[in-house]
Amino acid sequence: MAGQQADQTIQVAGEWRPALSGATREILDPADAEPFARVAEGDERDADAAVDAARRAFDAGSWPRTPVAERAALLRRVADLLIRDREELGLLESRDAGKTVEEGRVDIDCVADAFRYFADLVTAEGPGRVVDAGSPDVHSVVVHEPVGVCALITPWNYPLLQASWKIAPALAAGNTFVVKPSEITPMTTIALLERLEEAGLPAGVANIVTGPGHSVGARLAEHPDVDLVSFTGGLVSGTKVAQAAAAGVKKIALELGGKNPNVVFADACATEEDFDTAVDQALNAAFIHSGQVCSAGARLIVEESVRERFVAELARRAGRIRLGRGTEKGVECGPLVSEQQRARTEAYVASALAEGAVLRCGGRRPEPSGTRPADGYFYEPTVLDQCHREMKVVREEVFGPVLTVETFRTEDEAVALANDTEYGLAGAVWTTDPGRARRVAGRLRHGTVWINDFHPYLPQAEWGGFGKSGIGRELGPAGLAEYRETKHVYQNLAPRPVRWFMG
C-alpha cells in the first residue's frame, strides 16, 4: 500500500479512509502467523457509502458514457502498471496468501493478460447486431449496455487473479463497482485499486471496502442500489449471496468451487515418458498452492491395472515436495492460508482414515525447519488410497493438500465416477487414444475439461461450472456478457398512422 496509511484501506469516491467504526484487522503471514499489515475493518455503513458512490458515478458520472476505445486504453494502462510492479506485487501475493513468490509472479502475468484481453474484446466489437425487421423503413439493432453498479466479492486463495476476472470485464463494459476482497487476503486487491487510480480511472467508479463477509459482503448482496453481484467462494456462502440477491431480482454470477476428477487410463502410462508425465501432472493437479485451488484435481481416478505403480510413485514424489515460506528460494509449496484452513484439512484426513482410507504419505504437520517456522500453517501433501464415493473426503471440497485415489476398470465406470459429484467445475482425462479422449471429454459434466493436461486456462475461454459449481461464466465473451444488459432498439424510419382505432 503505497498511497495511504495502514488502516486507510477503504476507498469511497476516490478517497482512501479508515472504517467509519475505526476498527482495524491485522493481516497475518501464513508462513509464521505474524502480522505484516493492518487494514480497515469495514461494516455495513462503509458498504452503504461505497455503493452510494458507485451509484452516483454510474448515474451521473462519465465512465458509462466514455468511448469504448478510451475504456480499453485505460485497461491496457493498468496491465502495463501491473507488469511494471510485477516483483512487488508477486511478493505481496506470496505473503498475503502463502503461495510461492513464483506463483505470485505468474498470477500477476495472468492478471495483466485478463485486462488486455477484455480491452481487446470490447475494442473489436461493432456498434450492435442489426436485426432484419422485414422492411426498409425499419432500423432494428440489438445493443449491449453496462448493467450498472456491481458488487464484486472475491476469495482468499487467488486474491488478485479472482478480482481481475471481475474488475476487468466490469470496467470494459462501462460499469461502476464495489469490491470486497477476502478479509484475510486483501492486500493485492488494495494495490490493484491504487493502480486503477494511477491509470486515471474517474473517482467513484472503483470502490473497495475491506471487511468480513457477514457484514460487508451480506450488505452488498442485498443492497437495493446494487444491480449485479458476482461472488467467488464456497457453496454455503454462495447460497446465502444468491438468497440475498434474489429479493432484489439482481443479476448474479457465482463460482462456487469443485471436486474435480483427474481420470488416468492405463494407456497413458504405457511408456516411461508417458508415465512420468501423468504422475507429474497429477502432483500439479492436486498440490499447487497447497491444494487451495477451486479446480484442484483432488480426485485421482486411475485404471485398476496401473493403480499400485502409479500411486506408489505419486506418494514417493509427494513426500519429497519442499514445504516452506513462499519467499524462500527452493521452496515448492507454501503453507495453508490460516489455522482454520489447516484444522479443516486435518479433520477431513481424520474422517477419511476412520472411513477406511489408506494413508500413503503425509497426513500430518511437518517438523519445523529453517524455511518452516513453527507457527506457520504448514501441512504435508497427503495421498489417501482405497477411497470410495461414500467418503466425506471424496464428496466435499477440502481446499487443502489432500489427494484421494479411486479406481475403475472400464471407460463407462470411469465416466460414472468422474460425474458422481454435485459439483462440475473442471476435470481431466489422460489417454493416448484420441477416440477415447473425445468420448470421455464429451461425457464429462464439467465446465472445463483438459485432455492430457491439468490447470491451464485462457482468458479468451469461458470459466465456470455445472451443478453446484455455480451460475454464469467468467472470462471469454460470456464473461463480458455477465456485466451487460441487452437492449433492442427499433426505429421506424417512416412513421404513419396505424388506424387500429377508427374513432
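For the structure itself, consult the block above.
Residues numbered from 1 in each chain as written. Predicted model: local features only at pLDDT ≥ 70, side-chain atom pairs only at ≥ 80, totals over all residues. Heavy atoms only, no water.

### So, the overall build of the protein
Here is step 1: Of regular secondary structure, the protein possesses 15 helices and 20 strands.
Here is step 2: Over its C-alpha atoms the protein spans a radius of gyration of 24 Å, differing by no more than 12% from the 23 Å that the globule rule assigns to 503 residues.
Here is step 3: For the protein, the C-alpha atoms occupy an extent of roughly 85 × 55 × 40 Å along the three principal directions.
Here is step 4: Counting the 503 residues in the protein, one finds 57% classified as buried.
Here is step 5: Counted over contacts in the protein with a minimum sequence separation of 6, partners at least 24 positions apart contribute 74%. (Helix = DSSP H or I, 4+ residues; strand = E, 2+ residues; numbered from the N terminus. Rg over C-alpha atoms; globule rule 2.2 N^0.38 Å. Buried < 20%, exposed > 50% of the residue type's maximum accessible area, 1.4 Å probe, protein only. Contact = heavy atoms within 4.5 Å.)

### Points about the packing of helix 4 (residues 101-124) against helix 5 (residues 159-172)
Here is step 1: Orientation of helix 4 relative to helix 5, taken along the N-to-C sense of each, is 15 degrees, at an axis distance of 9 Å. The angle between helix 4 and helix 5 places the two elements in the roughly parallel class. The handedness of the crossing between helix 4 and helix 5 is right-handed. Contacts from Asp 107, Ile 108, Cys 110, Val 111, Ala 114, Phe 115, Phe 118 and Val 122 in helix 4 reach Leu 160, Leu 161, Ser 164, Trp 165, Ile 167, Ala 168, Pro 169 and Ala 172 in helix 5. (Axes fitted to C-alpha atoms, helices over the stretch in contact; angles between N-to-C directions. Parallel < 35°, antiparallel > 145°, perpendicular 65-115°, else oblique. Left-handed = near helix turned anticlockwise from the far one by under 90°.)

### Examining the sheet that holds strand 20 (residues 484-492)
Here is step 1: Reading across from one edge, 5-6-20 is the order of the three strands in this open sheet, with antiparallel pairing throughout. In the strand order of this sheet, the two ends are held by strand 5 (129-131) and strand 20, each with one partner. Ignoring strand direction, the axes of neighbouring strands in this sheet form an average angle of 25 degrees.
Here is step 2: Alignment of strand 6 (residues 138-146) against strand 20, held across nine bridges, turns out to be antiparallel. When the sheet's bridge partners are listed, Val 143 is paired in strand 20 with Lys 487. (Pairing = 2+ DSSP bridges.)

### A closer look at the environment of Ala 282
Here is step 1: On the secondary structure map, Ala 282 appears in helix 9 (residues 272-287).
Here is step 2: Taking C-alpha positions, Ala 282 is 34 Å from Ala 242, a pair spaced 40 residues apart along the chain.
Here is step 3: What Ala 282 contacts, discounting residues up to four positions off in sequence, is Asn 262, Phe 310 and Leu 314.

### What to know about the pairing of strand 8 (residues 176-180)
Here is step 1: In terms of burial, strand 8 is a largely internal element, five of the five residues being buried.
Here is step 2: Neither face of strand 8 is exposed, since Thr 176, Val 178 and Lys 180 on one face and Phe 177 and Val 179 on the opposite face are all buried.
Here is step 3: Where strand 7 (residues 149-153) meets strand 8, five bridges bridge the pair, whose relative direction is parallel. Considered in strand 8, the bridge of Val 149 is made with Thr 176.

### Considering the side chain of Arg 219
Here is step 1: Mapped onto the fold, Arg 219 is located in helix 7 (residues 213-222).
Here is step 2: Side chain to side chain, Arg 219 and Asp 48 meet in a polar contact 2.6 Å long.
Here is step 3: When residues no more than four places from it in sequence are discounted, the contact partners of Arg 219 are Glu 44, Ala 47, Asp 48 and Pro 224. (Polar contact = N/O pair within 3.5 Å; in protein donor to acceptor, adjacent residues only side chain to side chain.)

### Describing the pattern of salt bridges
Here is step 1: By the definition in use, this model includes 48 salt bridges.
Here is step 2: Salt-bridge contacts for Arg 25 lead to Glu 41; the nearest nitrogen and oxygen are separated by 2.9 Å. Here Glu 41 lies in the loop between strand 4 (34-40) and helix 1 (44-60) and Arg 25 lies in strand 3 (residues 24-29), a separation of 16 residues in the sequence.
Here is step 3: As a salt-bridge pair, Glu 346 and Arg 365 come within 2.7 Å of each other at their nearest N and O atoms. Taken as a pair, Glu 346 in helix 11 (residues 339-354) and Arg 365 in the loop between strand 14 (358-361) and strand 15 (382-385) lie far apart in primary sequence, 19 residues in all. (Salt bridge = Lys/Arg side-chain N within 4 Å of Asp/Glu carboxyl O.)

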